[in-house]
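Residue-level listing of the chains:
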Amino acid sequence: MSRKIRYFQDQITKSGRTAAYRPLRDKDIGVDELEAKLTDLEAELLEINANTDKLQRTHSELTEFQLVLHKAGAFFSSVRNAANTVQQRADIENGSSIGEAIDRPLLQEQEMQTEPSKQARLGFITGVIPKIKAASFERILFRATRGNMFLKQASIEDAVVDPATGEKIEKTVFVIFFSGERAKTKISKICDAFGANCYPFPEESSRQGHMKTEVDNRLLDLQHTLDAGINHRDNVLNSIGNNLDQWTVMVRREKAVYHTLNMLSIDVTRKCLVAEGWCPVSAKPKIQDALQRAAFVSNSQVNTIFQVLHTKESPPSYFETNKFTNAFQEIVEAYGVGRYQEANPGCFTIITFPFLFAVMFGDWGHGICLLLGALYLVLNEKKLGSKKLGDIMEMAYGGRYVILLMAIFSIYTGFIYNEFFSVPFGFFGGSAYRCPDSQYSIESCPMATTSGMEKWSYEPYAFGVDPIWHGSRSELPFTNSLKMKMSILLGIAQMNLGILLSYFNARYFRSALDVWYQFIPQLLFLNALFGYLSFLIVLKWCQGSKPDLYHVMIYMFLSPTEDLGENQLFMGQTFVQIVLLLVALVAVPWMLFPKPLILRKRHVQKMQGRAYGMLRESDTESTDLEIDGEHDEEEFEFGEVLVHQMIHTIEFVLGAVSNTASYLRLWALSLAHAQLSAVFYDRVLMFAWGYTNPIIRLIGLIVFASVTFGVLLLMETLSAFLHALRLHWVEFQNKFYLGDGYKFQPFSFRTLSEEDDL
């Protein structure tokens, strides 16, 4: 039935139609009746197509025959007229009259005396050949007959339908003159090899006219028959198209039901089917109610038994999502499906993912553009959801709420950066700086890009970056320092969150080893080094001092006891750094050795207790089998465990450095976005606005809008999205998320897709 429906779909597509959507109703046709109806419709459609193809082939052949009669007839007529003209000129030159010319024999006396068997008679073959093969066709004919032939060709102006393939191709009418049966045989074989269609052509003019009339009449009759057949096929396809989607859904559901039934096992003794599967705990009452209703509707004398099984297999992971949270959960599961009951990072991703995107994309003008696009997708989600969208549009529609939050957070960070298409606005009060020369305002101060502005108020700008920094001499060093340090703070905070979630995983699964020998040393190592760096950044901001943090962190490792001098931020800093360095050094073997050794000790103790149990119960065969099975399940290799722990430790230690550096991409992409936006604004829009010609201004505005949309709203959005994706997958989730589970895929008619028809 599925094959027949695909055949109908192909026929409808070839005819240029679309299947009309019709919702499925319970009172519609049943599956058995549908099978019989599909069989009848397929047989009818096959017969119609076969007859149509046959008639179309005949029509194409007659069309070619008609062209041969026209082109070859014109050739013969022109040659005959030319011969008569030449003869008349010769007679006039010889002084003979027309009457004498008529009475003159056609053959000379010596020719008439030749034996009839030795008299040569020319034959000819007419037909059509594809134009692309005409040159090679003529060359092969010349070689095969050694030049003993004459070929005349005439191109057909319009492409004609080839009877063999049914495709329109350009063809040429040919006439070949030859002498002898052997030449005729060779030429016929060459015509067959080149796919030439040969047609009979009479020599007499009267027969040619009669044949033309006959072919025209046959073509007219065939065209009427073809039109009637095509109309009948269109009516059949229309009736099929009105119900095709409904039939497709019915067959797809029936196939899914039988596919699921094939996974059930048969209990021969009890003559029943046994199904084992997974279901959410909250769905147990619904399943039992559905089974009872099914037994009542089917008038079954035996009720279905629903029994909960206890197994050691790991259950699938299932998170109940809605249209808002589904896209964020898909982002997480693209990295890997979470292990059963481990912490789900999707809850945090709802906020952290769009926020980290916005840190790299901070511009509230661009954020508003993104917001408009997201609102269009959200407000029209019902209409768009019922359509078949393209690949890119389908992806954007599926992540419409992700784009919405990305746009909202971009507007927020844009206000913090104070950038609207790279233009600052003073919405939140006055600036804390002023022009040294009181004659000038802040906007027109000529010293802004030379000696700089002077600070006159100790109250900072109320929200975000002071707009006075824009266009000043120190704008780039200031924003670079701000965004770089902010990136480190955000990265350390998110990595600490990941380590904290590993504690909740270990606590939930009651793994004290992971708490004491993984969570605690990892937390100490990360914060002893990079947590301390974050503390220094915040302290430097609060104090307003100018120590070199690069120098502090480098010499913390190279010369931990050296006096910091002017780079000291607080009393006792050298002692604190030595303690933190020792804590970081101790944390490495703390992560590496205790856990494998404790696991080995537990395994030895368990094996000793099992050996005593085997001595006491060696007479029971079943107990031996059970113990052997448990022994196979709990094999322990100390070397493998130690190597695994070593890899995990090295990965974390090196990752603490590389992951912290990886968060600097927040600074780099934010800087790149701001500079690109400034270049487009200054070098395109403002450059065009410097002219008074409105046409130049309009062109500049169009170019500015185009590059803003193409580069900043498309390419930069995709770039920031991918970088935020990497920060969540690698830097955040690898601290606690194993991602080695498998997804719960319940049987549902809603999840069936076109791929299930294959």
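Residues numbered from 1 in each chain as written. Predicted model: local features only at pLDDT ≥ 70, side-chain atom pairs only at ≥ 80, totals over all residues. Heavy atoms only, no water.

Per an unreviewed UniProt entry, the protein chain goes by V-type proton ATPase subunit a and derives from Physcomitrium patens. Quoted straight from UniProt, the Sequence similarities (unreviewed entry) entry for the protein chain says "Belongs to the V-ATPase 116 kDa subunit family." Entered under Subcellular location (unreviewed entry) in the UniProt record, the comment concerning the protein chain runs "Membrane". (UniProt positions renumbered as here; feature names shortened; annotations may be inferred.)

Draft legend 1. Representation of the overall build of the protein chain. Each helix and strand in the protein chain was counted, giving 24 helices and 10 strands. The buried share of the protein chain, taken over its 758 residues, is 35%. Within the protein chain, contacts between residues at least 6 apart in sequence are counted, and of these 77% link residues at least 24 apart. Accessible area of the protein chain: about 46900 Å², with a carbon and sulfur share of 59%. (Helix = DSSP H or I, 4+ residues; strand = E, 2+ residues; numbered from the N terminus. Buried < 20%, exposed > 50% of the residue type's maximum accessible area, 1.4 Å probe, protein only. Contact = heavy atoms within 4.5 Å. Areas by Shrake-Rupley, 256 points an atom, 1.4 Å probe, with all protein chains shown as cover.)

Draft legend 2. Structural detail: the UniProt feature "transmembrane region" (unreviewed entry) in the protein chain. Per the UniProt record, "transmembrane region" (unreviewed entry) is annotated on residues 355-379, 400-417, 486-504, 516-539, 574-593 and 695-715. Note that residues 355-379 is 88% helix and 0% strand, and that its end C-alpha atoms are spaced 23 Å apart. Measuring from the first to the last C-alpha atom of residues 695-715 gives 29 Å, for a span that is 100% helix and 0% strand.

Draft legend 3. Local environment of the packing of aromatic side chains. Applying the stated criterion to the full structure yields 38 aromatic pairs. Centre to centre, the rings of Tyr335 and Tyr737 are 6.1 Å apart; their planes meet at 40 degrees, and the pair counts as tilted. Pair noted here: Tyr335 is in the loop between helix 10 (326-333) and helix 11 (346-360) and Tyr737 is in the segment after helix 24 (694-732), with a separation of 402 residues, a long-range link. Three or more aromatic residues joined by ring pairs form one cluster here, namely Trp364, Tyr412, Phe415, Phe420, Phe421, Phe425, Phe427, Phe428, Tyr461, Phe463 and Phe704. For Arg400, the ring lying beneath its charged end belongs to Tyr397, and the centroid distance is 4.2 Å. (Phe/Tyr/Trp six-rings, centres within 6.5 Å; stacked < 30°, edge-to-face > 60°. Lys NZ or Arg CZ within 6 Å of the ring centre and 35° of its normal.)

Draft legend 4. Summary view of the side chain of Thr649. By secondary structure assignment, the location of Thr649 is in helix 22 (residues 638-662). Ignoring sequence-local partners within four residues, the contact set of Thr649 consists of Val588, Met591 and Leu592.

Draft legend 5. Fine view of helix 7 (residues 205-241). End to end, helix 7 covers 53 Å across 37 residues, agreeing with the expected 54 Å (1.5 Å per residue, within 8%). Looking only at helix 7, the buried set comprises Gln208, Met211, Val215, Leu219, Leu222, Leu226, Asp234, Val236, Leu237, Ile240 and Gly241. (Expected span 1.5 Å × (residues − 1).)

Draft legend 6. A look at the packing of helix 17 (residues 512-543) against helix 18 (residues 549-558). In contact at an axis separation of 11 Å, helix 17 and helix 18 are set at 150 degrees when each is read in the N-to-C sense. Of the possible angle classes, the one that applies to helix 17 and helix 18 is roughly antiparallel. Along this stretch, helix 17 crosses helix 18, giving a crossing that reads as right-handed. Contacts between helix 17 and helix 18 pair Ala528, Leu529, Tyr532, Leu533, Leu536, Ile537 and Lys540 from the former with Leu549, Val552, Met553, Met556 and Phe557 from the latter. Among the residues forming the contact of helix 17 with helix 18, the class breakdown is 11 nonpolar, no polar and 1 charged. (Axes fitted to C-alpha atoms, helices over the stretch in contact; angles between N-to-C directions. Parallel < 35°, antiparallel > 145°, perpendicular 65-115°, else oblique. Left-handed = near helix turned anticlockwise from the far one by under 90°. Nonpolar A, V, L, I, M, F, W, Y, C, P; charged D, E, K, R; others polar.)

Draft legend 7. Fine view of the sheet that holds strand 6 (residues 197-199). If you trace the 4 strands from one edge of the open sheet to the other, you get 2-5-1-6, paired in antiparallel fashion. The strands lining the two open edges of the sheet, one partner per strand, are strand 2 (150-155) and strand 6. On average, each strand axis in the sheet is inclined to that of its neighbour by 25 degrees, with strand direction left out of account. Inspection of the sheet shows strand 1 (residues 122-130) paired to strand 6 by 3 bridges, in the antiparallel sense. Bridged to Val128 within strand 6 is Asn197. Here helix 5 (residues 134-145) sits on the sheet in contact with strand 1, strand 2 and strand 5 (171-179), set at roughly 170 degrees to strand 2. Strands strand 1, strand 5 and strand 6 of the sheet are contacted by helix 6 (residues 181-193), whose axis makes an angle of about 160 degrees with strand 5. (Pairing = 2+ DSSP bridges.)

Draft legend 8. A look at the environment of Tyr503. Looking at the element boundaries, Tyr503 is found in helix 16 (residues 475-508). Sequence spacing of Tyr503 and Ala343 is 160 residues, and the spatial spacing of their C-alpha atoms is 9.9 Å. Once you skip the residues sitting within four places of it in the chain, Tyr503 turns out to touch Val515 and Phe519.

Draft legend 9. Quick peek at the side chain of Glu731. You can see Glu731 is positioned in helix 24. Only 3.1 Å separates the side chain of Glu731 from the side chain of Ser662, close enough to count as a polar contact. Only 2.9 Å separates the side chain of Glu731 from the side chain of Arg726, close enough to count as a polar contact. Setting aside anything within four residues of it in sequence, one finds Glu731 in contact with Met495, Asn659, Ser662, Tyr663 and Arg726. (Polar contact = N/O pair within 3.5 Å; in protein donor to acceptor, adjacent residues only side chain to side chain.)

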